[in-house]
Structure formats: structure tokens, C-alpha cells
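So you can see what is in the structure, the chains are spelled out below.
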Amino acid sequence: MHELSVCMELIDQVEAIARSHDAERVDTIVLRIGSLSGVEPGLLESAFEMARLGTVAEHARLRTERIEPRIRCRACGLEAEAGPSDLRCPACFGTDTALITGDEMILARVELLQAAD
Ligand SMILES: [Zn+2]
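Residues numbered from 1 in each chain as written. Predicted model: local features only at pLDDT ≥ 70, side-chain atom pairs only at ≥ 80, totals over all residues. Heavy atoms only, no water.

**Student:** When you look at the side chain of T97 in this model, what are you seeing that I'm missing?
**Tutor:** Relative to the elements of secondary structure, T97 occurs in strand β5 (residues 97-101). Of the residues examined, T97 reaches a relative accessible area of 16% and is grouped as buried. Polar side-chain contacts of T97 include one of 2.7 Å to the backbone oxygen of L87. Not counting residues within four places of it along the chain, the set of residues in contact with T97 comprises I71, R72, C73, R74, L87, R88 and C89. (Helix = DSSP H or I, 4+ residues; strand = E, 2+ residues; numbered from the N terminus. Buried < 20%, exposed > 50% of the residue type's maximum accessible area, 1.4 Å probe, protein only. Polar contact = N/O pair within 3.5 Å; in protein donor to acceptor, adjacent residues only side chain to side chain. Contact = heavy atoms within 4.5 Å.)

Right under this line is the structure:
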């Protein structure tokens, strides 16, 4: 399951952040998921439930935000939102377009709880 290995990597990253801030545990993780990233938010959330057990993120909430694909046209220079299966330029219908966002997964925010001292 692709989402489980994505989650393991995510938790590695989160644990490193928590360690470097001396946090007791992780409260909230906010992920931004491109709709072309191949990651299914629902599957990711259930994989996260498993992957977090026994880690510093065991009680963390996972919030996901979706990033819609955007393209830039190399022919006419237009930047626009693109459909999920159509990356052509909406102005000149050129196919020479570059994906600006939409295929990435970004760890947007990690909220930590500090140990009380
Ligand atoms: Zn164009």
C-alpha cells in the first residue's frame, strides 16, 4: 500500500521535527496533497492511524488540504488551474505546458505540545 510508506516517511519527518523542538507529543499535522500526487487523502488518513502507533504522533490529528493542479503555458505564458485529466492551456489549447503545482505532497504545519516543566 503506497499510502502506508508515504505515512512512514511522514512520521519520520514529524519525529525529527518534534525531537529538534523537545516536544512531548504532536498535536496536529497539516498536509497539503496535490490532486495529481497519486496520494488518496482517505487512504492516507487510514494508513496514518496505523503508522502513528507507538510514535510521538500517536495522538496527533491529521488534516489534509487539497492542492488543485495549476499549469503554465510555454506558448502563451498563461497560468491557470487545470482539470484533473486535461493539462492543456485553456487559452491557446497548446499542449506544451508545465505543471506548477498539483503533484506534490507538502508537510504544511506541525503543531507540537511541549512537555510541562
Ligand atoms: Zn497557451
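**Student:** Just checking my understanding: could you explain the UniProt feature "binding site: Ni(2+)" (unreviewed entry) in the chain for this structure?
**Tutor:** In this structure's numbering, the residues bearing the UniProt feature "binding site: Ni(2+)" (unreviewed entry) are H2. Mapped onto the elements of the fold, H2 is located in helix α1 (residues 2-20). Excluding anything up to four places from it in sequence, H2 contacts G38 and V39. (UniProt positions renumbered as here; feature names shortened; annotations may be inferred.)

**Student:** Mind showing me how you'd approach the sheet that holds strand β6 (residues 105-114) here?
**Tutor:** Backbone hydrogen bonds are what pair the strands of a sheet, in a parallel or an antiparallel way. With mixed pairing, three strands are arranged side by side in an open sheet as β2-β1-β6. Sheet topology places β2 (61-67) and β6 at the edges, where each strand pairs with a single neighbour. Taken pair by pair, the neighbouring strands of this sheet meet at an average axis angle of 20°, ignoring direction. The pairing of strand β1 (residues 23-34) with β2 spans seven bridges and is parallel. In the strand pairing of β2, V30 is matched with R63. Most of the contacts of α1 go to β6, to which it runs at about 45°, and overall it touches β1, β2 and β6. Relative to the sheet, helix α2 (residues 41-51) contacts β1, β2 and β6, its axis offset from that of β2 by approximately 160°. (Pairing = 2+ DSSP bridges. Axes fitted to C-alpha atoms, helices over the stretch in contact; angles between N-to-C directions.)

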